[in-house]
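Now for the letters of each chain:
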Amino acid sequence: MEVKKIQFPNEVLLPMVVEDLEAGKTVTLNLRGFSMRPFLENDRDKALLTFAAHPEVGDAVLAEISPKKWVLHRIIAIDGDNVTLRGDGNLGEEHCKISDVKGKAIGFYRKGRSKMDRTDGKKWKVYSWFWTRLYPIRRYLLAFYRRIWLKIFKPKIQ
């Protein structure tokens, strides 16, 4: 049996995902884009999302940063109602309101595995602790990853 893959633009798909999250459902979302590199890859990995009832610094969240523009990035700061986000593969920041944070990743299916890497697990917490503290040299690490690592170890798209 052949599986047919259909992609929808984020501005069409993600409002439906948010409806399901607000209804208390969990949603598995195929990841698109390169902003969470080097650990999450475009068209390879999946995120398991739940409604973001109380987002916290360090959480990977689905947020609408401007009308119809969505990101799945890590919260790096919360100041009152204002949230600052940054993708693990990005150097810049995005901003939104706490009410624009709609989903929270509770885990990721990486590299075609059927076992989820939970965001409350030791592996994710250790990775997060190190990666967020490497921000001052992230530019160089990401350049190495893009220019050398990916040429040697090309990611397998599932």
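Note: the structure precedes this text.
None of the values given here were measured: they were computed from a predicted structure.

S.K.: Would you mind going over the layout of surface pockets with me for this structure?
M.R.: Over the atoms, a rolling probe the size of a water molecule traces out where space has been left empty. Each pocket or cavity is described by its volume, and for the largest pocket that value is around 590 Å³. Surrounding the largest pocket, 28 residues form its lining, Asn 10, Leu 29, Asn 30, Leu 31 and Arg 32 being those nearest its centre. When contributions to the lining of the largest pocket are tallied by element, the ones reaching two or more residues are helix H1 (10-22), strand S1 (27-30) and strand S4 (69-79). The element that contributes the greatest number of residues to the lining of the largest pocket is S4, accounting for five residues. Residues that form the lining of the largest pocket fall into these classes: 13 nonpolar, eight polar and seven charged.

S.K.: Just checking my understanding: could you explain a nonpolar patch on the surface for this structure?
M.R.: Among the surface-exposed residues, Val 126, Trp 129, Phe 130, Leu 134, Ile 137, Tyr 140 and Leu 141 lie close enough to one another that they form a single nonpolar patch of about 670 Å² accessible area. If you list the elements that add at least two residues to the nonpolar patch, you get helix H2 (122-133) and helix H3 (138-152). Top element by residues in the nonpolar patch is H2. It accounts for three residues. Note on placement: Leu 141 falls in helix H3. In this structure Leu 141 comes out as partly exposed when scored by relative accessible area, which is 32%.

S.K.: Is there a simple way to think about the nonpolar core in this case?
M.R.: Grouped together as the largest cluster of nonpolar side chains are 21 residues, with contacts concentrated most on Val 17, Leu 49, Leu 62, Leu 72 and Phe 108. Sorting the residues of this core by element identifies H1, S1, strand S2 (46-51), strand S3 (60-66), S4, strand S7 (101-109) and H2 as the ones contributing at least two each. No other element matches H1, which puts four residues into this core.

Rules of the game
- Residues numbered from 1 in each chain as written.
- Predicted model: local features only at pLDDT ≥ 70, side-chain atom pairs only at ≥ 80, totals over all residues.
- Heavy atoms only, no water.
- 1 Å grid on protein atoms, 1.4 Å probe; cavity = no way out; pocket = protein on both sides within 12 Å on 5 of 7 lines; lining within 4 Å.
- Points joined across faces, edges and corners; volume = space filled by probe spheres on them.
- Helix = DSSP H or I, 4+ residues; strand = E, 2+ residues; numbered from the N terminus.
- Nonpolar A, V, L, I, M, F, W, Y, C, P; charged D, E, K, R; others polar.
- Patch = residues over 30% accessible without salt bridge, like charges linked within 9 Å, V, L, I, M, F, W, Y side chains within 5 Å.
- Areas by Shrake-Rupley, 256 points an atom, 1.4 Å probe, with all protein chains shown as cover.
- Salt bridge = Lys/Arg side-chain N within 4 Å of Asp/Glu carboxyl O.
- Buried < 20%, exposed > 50% of the residue type's maximum accessible area, 1.4 Å probe, protein only.
- Core = buried A, V, L, I, M, F, W, Y, C linked by side-chain atoms within 4.5 Å.

So, to be careful, I would describe these as geometric facts and stop short of saying anything about function.
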